[in-house]
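Chains, contacts and geometry: an overview
What follows is each chain in one-letter form.
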Amino acid sequence: SLVSPEESAVAIASHTAASEVNIYAEEQSQEASPEPAARAGWNSKMEYFLAQVGFSVGLGNVWRFPYLCHQNGGGAFLLLYVLLMLIVGIPLFFLELAAGQAIRQGSIGVWKYISPKLAGIGYSSCVVCFFVALYYNVILAWSIFYLGNSFQFPLPWQDCPEQGNVTVQECKKSSATSYFWYRKALDITDSIDEMGSFNIYIVCCLLVAWTVVCLGMFKGIKTSVKVMYFSSIFPYVVLFCFLIRGLLLDGASEGITFMFYPRLEIWGDIQVWRQAATQVFFALGLGFGSIIAYSSYNPKNNNCHRDAFTVSFINFLTSVLATLVVFAVLGFRAKKNVTDCIESNLKLLLEQFYSGNVDENLMPNFNHSNPSSMSVKDYRAWFQLHGNSTPAYLTDCDLEKEMQKGVEGTGLAFIAFTEAMTHLPGSPFWSALFFLMLLNLGLSTMFGTMEGILAPLTDRFKTLANNKTKFTIMSVVTTLCIVGFVIGLLFTQRCGNYFVSMFDDYSATLPLIIVVVFETFSVSWLYGADRFLDDIEGMLGWRPSVVYKYLWKYICLLAMLGLLGATTIRMFIKRPTYMAWNQERASEETLDYPGWALAVLALLIIFAMLPVPLALIHAVLQGRTTQTSRELETVHYSVVNTDDKCETPMSDMSDLNHGNGSPAPLL
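Each value, and the rule that gives it
Residues numbered from 1 in each chain as written. Predicted model: local features only at pLDDT ≥ 70, side-chain atom pairs only at ≥ 80, totals over all residues. Heavy atoms only, no water. Helix = DSSP H or I, 4+ residues; strand = E, 2+ residues; numbered from the N terminus. Buried < 20%, exposed > 50% of the residue type's maximum accessible area, 1.4 Å probe, protein only. Contact = heavy atoms within 4.5 Å. Disulfide = S-S within 2.5 Å. UniProt positions renumbered as here; feature names shortened; annotations may be inferred. Pairing = 2+ DSSP bridges. Polar contact = N/O pair within 3.5 Å; in protein donor to acceptor, adjacent residues only side chain to side chain. Expected span 1.5 Å × (residues − 1). Axes fitted to C-alpha atoms, helices over the stretch in contact; angles between N-to-C directions. Left-handed = near helix turned anticlockwise from the far one by under 90°. Salt bridge = Lys/Arg side-chain N within 4 Å of Asp/Glu carboxyl O. Parallel < 35°, antiparallel > 145°, perpendicular 65-115°, else oblique. Nonpolar A, V, L, I, M, F, W, Y, C, P; charged D, E, K, R; others polar.

**Some remarks on the side chain of Asn345**
Within the secondary structure, Asn345 is located in helix 16 (residues 304–354). Overall, Asn345 belongs to the buried group, its relative accessible area being 6%. Apart from the residues lying within four places of it in its own chain, the contact partners of Asn345 are Tyr379, Leu394, Thr395 and Cys397.

The structure is reproduced here in structure tokens:
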């Protein structure tokens, strides 16, 4: 033999070690593979498009955006919103679309693929999605309750009930719609400290809502997208019907004028910027993981850049359309209430005039036989001059103040809008149409939220991915939906509305902003914005503008950090509050959250963000354990190696995929 025994032993040891290196590298490559063996896909681009639009367009477009627009400068707020959408919203939306499409994983898999230390970002997204699903389905339950009550004439919230031929005082002091909402639908307590019993009607409606969500998600996107053909398109049909009907109503032009009247001075208010940025952030659904999940089912060559602009602008135009509808109808409601106010005041004034208590020179010019003929403008001009000089107790019938009543959140949908519909001919039809629209908007968002939980878990755990249909049925029906329903019973108590406000205002806001900060920092700084653009170029066949590099690295990141800082500082400077209903005074009042409620708020935020540091610690400890085991293997082979000049074949395997410690490429 030409080879000595010692040389033969060294060669065998080297070959054995090299074989193990190749096996390890092969295993690592398989674990990080961006192309799962059996990845589902959309049947058509239309299905994907409807899913993304359905998720991003939700209840906030109908009842949050119009309120913010009116309260923060009208047309000036629209310009500010578009500006922030272009420089922050669309770039971040594009980032999530590209990451999901390139890696073809859910939120957990995407960030773990870039770096195992970042897996907690995906888990936090899942936790926040679950929090949102808990209270969002309660809003669907309220919509179902109102939908069921819409099929009667007259509508049950049209007139105040009577007890012994006497109108209920709580209703008389407020309004029929407010009374039905707070007393009949919610049977609400005076504060969050008073728990109260369960509302059996809302419990049943919540069960129906979760059942519908389960059936819609029964077999994943293959089933939910069929429902989305209806749930995503139907709201637009309803909005256009309401727009046409609303523009024909008396007072619609006044309502739209109030909405679009620009007040540019609001640009100097930092809180307006914060509210606009928050609305952009939540309108597009950033940080939930649902955008990543939906885009992960796309083919690699899908033009996600065009999708980012298309979905974002459809979302914005939907908000504008909904705002036109809302303020056309609210303008009609306000004009009707103000006209009734003027008529009532003039009748009272006439009584005082005929009694000789009012001087003729103080009387306004109007047809005494028809007090409703006096215009709002003429009445207000007279009232400012002589209103306080008359002995009669008259009120200033202000159209703008009337429009500001109950135009935010649930107050818009279940009080202001319902009141306006009672004045429309065929009110049950319009009421049923409106709440069916709310139900569909909520369902399409719920499907996206649930997919933001299911897709990451399915991709993360291979035993679940091997039988996705079984997993979907078991997880949605027996786990997520049942657990969600049981926990959701918290919101069906008499104080449940206060917990909905708590979850809506705080359980998702800070965690989602933090999630997006981590996402942006991970892609633009840890992975590298240039490398990410390289990967997108390889995926799409063309390179996006270098502007995205600077937007991701500086503008978006600083904007998110500023939004996070402003939100946090606001929470510490101003004690968190909520709107409570005082039964005795029959009006809303602002109350501070008690200490135990603040503790719950803190726990919700901490629990949502806990996966991020836990995943980081786990990855670090796992890396040290792996490194120690490699060192032991190296020592084992070095006993055989007698040649000092021969380099050990064992090395840091993280370099095999990461290249000098950098994350693996997306493609």
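This is not the end of the story, as more comes after the structure.
**Observations concerning the state of the cysteines**
In total, this model carries 3 disulfides according to the counting rule given. Paired by a disulfide, Cys160 and Cys171 hold their sulfur atoms 1.9 Å apart. The sign of the S-S torsion, about -85°, decides the handedness of the disulfide formed by Cys160 and Cys171: left-handed. Residue Cys160 is found in the loop between helix 7 (119–149) and helix 8 (169–173), and its partner Cys171 is found in helix 8; the two are separated by 11 residues along the sequence. Judged by its relative accessible area of 1%, Cys171 is buried. One disulfide bridge connects Cys214 with Cys481, the sulfur atoms lying 2.4 Å from each other. One end of the pair, Cys214, is in helix 10 (residues 200–216); the other, Cys481, is in helix 22 (residues 468–488), and 267 residues separate them in sequence. Given the relative accessible area of 10%, Cys214 is considered buried. Exposure remark for Cys481: the relative accessible area of 4% places this residue in the buried category.

**Regarding the UniProt feature "binding site: Na(+)" (unreviewed entry) in the protein**
When the UniProt feature table is mapped to this numbering, "binding site: Na(+)" (unreviewed entry) covers Gly54, Val57, Asn61, Asn315 and Leu441. Considering the C-alpha atoms alone, the annotated residues occupy 388 residues of sequence yet fold into one spot, their largest mutual distance being 12.4 Å. Inspection of the secondary structure assignment puts Gly54 in helix 2 (residues 45–56). Excluding residues within four positions of it along the chain, Gly54 makes contact with Ser232, Ser444 and Thr445. You can see Asn61 is positioned in helix 3 (residues 59–63). With near-sequence residues (within four places) excluded, Asn61 lies in contact with Ser56, Pro66, Asn315, Ser319 and Ala322.

**Some words on the environment of Asn43**
Structurally, Asn43 is set in the loop between helix 1 (5–31) and helix 2. When the C-alpha positions of Asn43 and Asn298 are compared, they lie 9.7 Å apart, and in sequence the two are 255 residues distant.

**Observations concerning the pairing of strand 1 (residues 577–582)**
Sheet analysis places strand 1 next to strand 2 (residues 587–592), joined by 6 bridges and oriented antiparallel. Across the sheet, residue Asn582 finds its bridge partner in strand 2, namely Ser587. Counting the residues between successive antiparallel strands, the hairpin from strand 1 to strand 2 contains 4 residues, one of them, Ala586, with a positive phi of roughly 55°.

**Considerations on the side chain of Ser56**
You can see Ser56 is positioned in helix 2. There is a polar contact of 3.3 Å between the side chain of Ser56 and the backbone oxygen of Val53. Leaving out residues up to four positions away in the same chain, Ser56 has contacts with Asn61, Ala283, Leu284, Val311 and Asn315.

**Brief notes about helix 14 (residues 270–283)**
Between the first and last C-alpha of helix 14 there are 20 Å, a value that for 14 residues agrees with the 20 Å anticipated at 1.5 Å per step. Along helix 14, the residues classified as buried are Val272, Arg274, Ala276, Ala277, Thr278, Gln279, Val280, Phe281 and Ala283.

**Observations concerning the environment of Trp542**
Relative to the elements of secondary structure, Trp542 occurs in the loop between helix 24 (509–540) and helix 25 (547–573). According to the relative accessible area criterion, Trp542 is partly exposed, its value standing at 34%. Among all residues touching Trp542, those that are not within four sequence positions of it are Asn303, His305, Ile536 and Glu537.

**A look at helix 9 (residues 176–185)**
Residue pairs three or four apart in sequence face the same way in an α-helix, which turns once every 3.6 residues. Buried residues dominate helix 9, accounting for 9 of its 10 residues. Those residues of helix 9 lying buried are Ala176, Thr177, Ser178, Tyr179, Phe180, Trp181, Tyr182, Arg183 and Ala185. Once helix 9 finishes, Asp187 follows within two positions and takes phi at roughly 45°, a positive value.

**Considering the packing of helix 12 (residues 234–247) against helix 16**
Packing of helix 12 against helix 16 leaves a shortest axis separation of 8 Å and a crossing angle of 40°. Seen from above, helix 12 lies across helix 16 with left-handed handedness. Seen from helix 12, the contacting residues are Tyr236, Leu239, Phe240, Phe242, Leu243, Gly246 and Leu247; seen from helix 16, they are Ile314, Thr318, Leu321, Ala322, Leu324, Val325 and Ala328.

**Thoughts on the pattern of salt bridges**
If you walk through the whole model with that rule in mind, you get 14 salt bridges. Of the charged contacts in the structure, one is a salt bridge between Lys549 and Asp530, with a shortest N-O distance of 3.2 Å. Here Asp530 lies in helix 24 and Lys549 lies in helix 25, a separation of 19 residues in the sequence. Linked by salt bridges that have partners in common, Glu170, Arg183, Asp187 and Arg494 make up one network.

**Here's the deal with the packing of helix 13 (residues 252–260) against helix 16**
Interaxial distance between helix 13 and helix 16 falls to 7 Å at its minimum, and their mutual angle equals 125°. By the angle between their directions, the pair helix 13 and helix 16 is classed as oblique. For the pair helix 13 and helix 16, the sense of crossing is right-handed. Where helix 13 abuts helix 16, its residues Ala252, Glu254, Gly255, Ile256, Met259 and Phe260 lie against Val320, Thr323, Leu324, Phe327, Ala328, Gly331, Phe332 and Lys335. Split by residue class, the contact of helix 13 with helix 16 holds 9 nonpolar, 3 polar and 2 charged.

**Looking at the environment of Gln169**
Tracing the backbone through its elements, the reader meets Gln169 in helix 8. We classify Gln169 as partly exposed; its relative accessible area is 44%. As for Gln169 and Arg585, which are separated by 416 residues in sequence, their C-alpha atoms are 9.5 Å apart.

**So, unusual backbone geometry**
Phe153 connects to Pro154 through a cis peptide bond whose omega is -5°. Tracing the chain through its elements places Pro154 in the loop between helix 7 and helix 8. For Arg104, which is not glycine, the phi torsion reads 60° and is therefore positive. Its location among the elements puts Arg104 in the loop between helix 5 (75–103) and helix 6 (107–114). One non-glycine residue, Asp187, adopts positive backbone phi at about 45°.

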